[in-house]
2 protein chains.
Amino acid sequence: MLKGLMQDRPLLLSGIIEHAARCFPETEIVARTIEGDLHRYTYAQARARMKRLAQAFLKLGVGPGERVASLAWNTHNHFELFYALPGIQAVLHTVNPRLFPEQLVYIINHAEDRYLCLDAETLPLVEQLAPQLKTIEGYILLAPRERMPKSHLPNLLCSEELIAAESDDFEWPEFDEKAASTLCYTSGTTGNPKGVLYSHRAAVLQVLLSTAADTFGGYMPGTQEVIMPMAPMFHGNAWNTPFSAPLAGHKFVLPGRDYSAEKLYELIEGEGVTVTAGVPTMWLILTDYLDRTGRKFSNLRCSVSSGSAPPRALMDKMLNKYGVRLINCWGMTEALSATKGTPKPGTEHLPQEEIFDLMSLAGRSNLLCELRIVDDEGRPLPRDGIATGHLMARGPIIAGGYFKGENDPMDAEGWMHTGDVASLRPDGYVVLRDRSKDVIKSGGEWISTVQVEGIAAGHPAVLYAAVIAVPHPKWQERPLLAIVPRQGHTITREEMLAYLKGRIASWWMPDDVVIRTAMPISGTGKILKRELREEYKNYVLPSLRGDSAAE
Amino acid sequence: MLKGLMQDRPLLLSGIIEHAARCFPETEIVARTIEGDLHRYTYAQARARMKRLAQAFLKLGVGPGERVASLAWNTHNHFELFYALPGIQAVLHTVNPRLFPEQLVYIINHAEDRYLCLDAETLPLVEQLAPQLKTIEGYILLAPRERMPKSHLPNLLCSEELIAAESDDFEWPEFDEKAASTLCYTSGTTGNPKGVLYSHRAAVLQVLLSTAADTFGGYMPGTQEVIMPMAPMFHGNAWNTPFSAPLAGHKFVLPGRDYSAEKLYELIEGEGVTVTAGVPTMWLILTDYLDRTGRKFSNLRCSVSSGSAPPRALMDKMLNKYGVRLINCWGMTEALSATKGTPKPGTEHLPQEEIFDLMSLAGRSNLLCELRIVDDEGRPLPRDGIATGHLMARGPIIAGGYFKGENDPMDAEGWMHTGDVASLRPDGYVVLRDRSKDVIKSGGEWISTVQVEGIAAGHPAVLYAAVIAVPHPKWQERPLLAIVPRQGHTITREEMLAYLKGRIASWWMPDDVVIRTAMPISGTGKILKRELREEYKNYVLPSLRGDSAAE
């Protein structure tokens, strides 16, 4: 092979913080501490502390490829771990404290984490788990000595003491860019959690993609942004914002553990936040707060949304009442930066309604993420916007397996099963239809539960809507709609069905509507349809009542 | 090593055109043909033709790593070669038709090109060179049969016939991302031209960097841009625009061979160009045209400039009279995408004069290009904005050698000598002082000829200014300023010196000024200081005249 004569240097995450400290030494990172006050420092100061932490981990014996867990909120201390550990070729394993204790124990033992970093808020949880954690040799509380709470945790270290004991004089080692960098388990809704093990190479590529002018850049014109992730760092690395903010030199604002609308609003206004990132649910809560208090935003212009399609009414209100454009894109722990949600070239002059139509789609695929859809036998389907199939993803930013090789997500041709059902439009947009396991097969055709739910949730009285399949003797499966009304609202089965009529295809109409007071919710805030299906597995649809024997 | 579990897929240029054809199939490429009319087609159509061309090259026997030369202007045919050849792991060798014939012969023989692609404009030149080209097996004229001129070139093929003979049904092969992709010789001002051999990996990384919101994106807010390179494709791949435009889905406008102000203006207005890229000289010519005709731009907002610092007066006029912001950055054939020229975060509210100060610097380094300065012994110097030294570059987007190993540009620690002398500011900006070979050493201190030239060129009567060293018995070297007045203007030695006084340090003041009618200019449009130095090597400065024996 004739090799290009370019320098053979690896893509490493340490390069990002070095870049930030060299080019944006004075740019601020502002983080709410667990105690609630604000901590301020600069990229140059952050780098110095990361280098000290890195040396402390080396002294603790953390070697290349070894995992260190974090059970922590969005603080500056947690941010520092994103460089201190990958920087020495160790792996930061971010763990979601909202998971159930048995899941946490499984995950930490499965990852064989050697140390666990925690904060004052997660301490009680960690104390509860500690007796079952088989590989943890010590606990590191991310706090100065004077804020260290009393605890009976064995081998409990104070992060600030570790930092104080080291010097700033440290050069990041160089190693293969394919080395693992961070580890994040997807809780899933079936089976054991699965570990997505990112590499330095994939993370740097993801971050380069995420800073593109036509990705987040579309509403971040220039370099003058202040970015605040509303996604926790244990959720897909807070969508890589701990890497993208330093890369672009953006002021970085971290909300700590307090995700109340009031505190988020205070930070957004107080720190001049221009861009946030988070799931649509956060925005339902925030707009509700703004509606109630009559407040407005001074600087916020854009929020990047992922996880589920934002309701049209929310996009409309955010833009037209509060001046914030919601950019929706598709991604998953296995596929960060897979799509971009900005409107594509040539669509800028469309009427607002049509732009909303585009932006409520699941974005367009990014350069390093090829997408295709296949049928049940794995045969590719056309990109005509109509054909619906299993969404498959391929590229160097996409997971190719899970930690310790369980649940291989790859097909024979090297494409990853996303677990989603989608159509691909000829203009590059992704239309997400459903999760493969949630989609309803009625008379051989697919019914998208997600789309029916989206429309049902548009009714002003509806807080949550979930559509599940119930068995049907003739059609195999038929949809059942479960709804939870908003506080202070009521809605009947008949009102809901009347609302849906004409808004969805007639054969998509739910065969019944049940009104509930609550939904089963997972540790990551998703409705657990598995539990709903279990609950309604013997449900007899009205059309079958009394005459089921006759079918 | 614990490898991250991400898909092991290469960064290849073919992925960019596949992405464009999938996501922006209808987006246009508009190119002026050699004959002067406009050719229009889409990314989907371009991909189909590239795939046909690729197969034609395979049939001609062009194998992996083999070179095919182009001596062609910015046409759609030339654009297609940027994918057809690298897409099959062959190497596109872009050759600058403005070089002197002996340089062209050297370059093509040195590269051992197997075929040479040309157009009707470069045909006479190629006919002249052909007898001396030792490795060329055939010539491919980029034109349809009906536009094929008569020629005695041996084995002359018609590109459109090659394309017509193939089918669209072709899958790009996969191979190592470190494979060579394109080859570009730097003409240099001393010694033989040196070949910079890009890799697919480096090119994809450069392009990802160039599409960042804070790189070109700062003035390209979103996806709705129309981009026209005014740099020819043989000049550092037209700054990678043949790759960045399809990646971002920008409409791509190519000026063919006609770089006259009138034709460029016509294209910019007619096609709604919003962003151009080119050397400042192009803008001197264009603003002169606008001044004379009273015309304005309707859509153009930004021009990315590189090669030399734009005069302040030009930046001012372009922005305040014509609404076009000039973004200046530093780069070289060996270091594409090395810096970004957009103002850094926190500078947006500075007075315009201060923003101009920043933007006349050489930009800020990009993530994958580390910069440092060293003294004559290679010792790193501080980043204080004052210390001045040899600029060194390191990173996966930077050249690490030249084709066939001549003139190794690397130091022992893996940094590339850029041949520039610079200071690095603590806020990340690069201050370019001079070329290492041009800088004047006077009494042990460096005088930046570039800075003195920039100020001299600010005088309204000055067209070209060049400062060179002449020997001095006491100070070793002292500066001599040579100027060429603008047409219809005159200027005297005394007027020039009076203009400089107070604008530059007194010990930087040229010891003499000579007024010339022309400058020696290289094939790439640069003033050949080497020839000036030769011409004035025995020049006796006024201060030494008559009493030189007394010194």
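If you're wondering where the values come from, they're calculated on a predicted model, not measured in any experiment.

Some thoughts on the overall build of chain A
A tally of regular secondary structure across chain A gives 16 helices and 25 strands. With the C-alpha coordinates aligned to their principal axes, the bounding extent of chain A is approximately 80 × 60 × 55 Å. Out of the 551 residues in chain A, the part that is buried amounts to 62%. Considering only intrachain contacts with a sequence separation of at least 6, the fraction spanning at least 24 residues in chain A is 67%. Summed over all atoms, the accessible surface of chain A reaches about 20,200 Å², with 51% contributed by carbon and sulfur. Across chain A, the centroid of the 57 positively charged side chains sits 2 Å from that of the 65 negatively charged ones.

Structural notes on the sheet that holds strand β17 (residues 370-374) of chain A
Residue and element names in this part refer to chain A. With antiparallel pairing, the 4 strands of this open sheet are ordered in space as β17-β18-β19-β20. Of all strands in the sheet, those with a lone pairing partner are β17 and β20 (430-435), marking the two edges. When the angles between neighbouring strand axes are averaged without regard to direction, this sheet yields 50°.

A few points about the sheet that holds strand β11 (residues 251-254) of chain A
Residue and element names in this part refer to chain A. Overall, mixed pairing links the 7 strands, which are arranged β2-β1-β11-β10-β12-β13-β14 in an open sheet. Every other strand in the sheet has two partners, leaving β2 (38-42) and β14 (325-329) as the edge strands with one partner each. Within this sheet the neighbouring strands show an average axis-to-axis angle of 20°, counted without direction. In the sheet, strand β1 (residues 28-32) pairs with β11 via 3 bridges, with the strands oriented parallel. By the bridge assignment for β11, Ile 29 is matched with Phe 252.

A closer look at the environment of A:Leu481
Residue and element names in this part refer to chain A. Its place among the elements puts Leu 481 in strand β24 (residues 476-485). Spatially, the C-alpha atoms of Leu 481 and Ala 456 are 8.7 Å apart, while their sequence positions differ by 25 residues. If near-sequence neighbours (up to four positions away) are discounted, Leu 481 is found in contact with Ala 456, Ala 465, Ala 466, Val 467, Met 496, Leu 500, Pro 510, Asp 512, Val 513 and Val 514.

Some words on the packing of helix α2 (residues 43-59) of chain A against helix α3 (residues 76-84) of chain A
Residue and element names in this part refer to chain A. Where α2 contacts α3, the axes come no closer than 9 Å and their chain directions differ by 65°. For α2 against α3, the interelement crossing comes out right-handed. In this structure, α2 uses Tyr 43, Ala 46, Arg 49, Met 50, Leu 53, Ala 54 and Phe 57 to contact α3, whose residues at the interface are His 76, Asn 77, Phe 79, Glu 80, Leu 81, Tyr 83 and Ala 84. Partitioning the contact of α2 with α3 into residue classes produces 10 nonpolar, 2 polar and 2 charged.

Let's talk about the pairing of strand β18 (residues 389-394) of chain A
Residues and elements named next belong to chain A. Most of β18 is tucked away, with 6 of its 6 residues classed as buried. Where β17 lies against β18, 5 bridges are found, and the strand directions are antiparallel. Bridge pairing links Glu 370 to Arg 394 in β18. The sheet contact formed by β18 and strand β19 (residues 416-424) spans 4 bridges and is antiparallel. Note that in β19 the partner of Gly 389 across the bridge is Ala 422.

Some thoughts on the packing of helix α1 (residues 14-23) of chain B against helix α2 (residues 43-59) of chain B
Two numbers describe a pair of packed helices, the interaxial angle and the distance between the axes. Residues and elements named next belong to chain B. Running from N to C, α1 and α2 cross one another at 140°; their axes reach a closest spacing of 8 Å. Relative to α2, the element α1 lies oblique. Pair α1 / α2 crosses with left-handed handedness. Of α2, the residues touching α1 (which contributes Ile 17, Glu 18, Ala 20 and Ala 21) are Tyr 43, Ala 44, Arg 47, Met 50 and Lys 51. The residue makeup of the contact of α1 with α2, split by class, is 6 nonpolar, no polar and 3 charged.

Comments concerning unusual backbone geometry
Backbone geometry at A:Ala238 places phi at a positive 45°, although glycine is not the residue there. A residue is classified by how much of its surface remains accessible, and A:Ala238, at 0% relative accessible area, is buried. Look at B:Gln476: it is not a glycine, yet its phi comes out positive at around 70°. For B:Gln476, the position within the fold is in strand β24 (residues 476-485).

Comments concerning the confidence of the model for chain A
All names here are of chain A. Confidence along chain A averages 90 in pLDDT terms, with 95% of residues attaining 70 or more. Every residue in residues 216-221 scores below 50 in pLDDT, and together they form 24 contacts with partners more than four places removed in sequence or on other chains. Reported confidences for the modelled complex are a pTM of 0.89 and an ipTM of 0.88.

Digging into the relation of the copies chain B and chain A
What relates the two chain copies is a rotation about an axis together with a slide along it. Mapping chain B onto chain A leaves a residual RMSD of 0.1 Å; the transformation is a rotation of 180° accompanied by 0.0 Å of translation along its axis. Taken together, the rotation and translation describe the operation of a two-fold axis.

Thresholds, definitions, all that
- Residues numbered from 1 in each chain as written.
- Chains lettered and ligands numbered in written order.
- Predicted model: local features only at pLDDT ≥ 70, side-chain atom pairs only at ≥ 80, totals over all residues.
- Heavy atoms only, no water.
- Helix = DSSP H or I, 4+ residues; strand = E, 2+ residues; numbered from the N terminus.
- Buried < 20%, exposed > 50% of the residue type's maximum accessible area, 1.4 Å probe, protein only.
- Contact = heavy atoms within 4.5 Å.
- Areas by Shrake-Rupley, 256 points an atom, 1.4 Å probe, with all protein chains shown as cover.
- Lys, Arg positive; Asp, Glu negative; His and termini not counted.
- Charge placed at Lys NZ, Arg CZ, Asp CG, Glu CD.
- Pairing = 2+ DSSP bridges.
- Axes fitted to C-alpha atoms, helices over the stretch in contact; angles between N-to-C directions.
- Left-handed = near helix turned anticlockwise from the far one by under 90°.
- Nonpolar A, V, L, I, M, F, W, Y, C, P; charged D, E, K, R; others polar.
- Parallel < 35°, antiparallel > 145°, perpendicular 65-115°, else oblique.
- pLDDT = per-residue confidence, 0-100.
- Least-squares fit on C-alpha atoms with pLDDT ≥ 70 in both.

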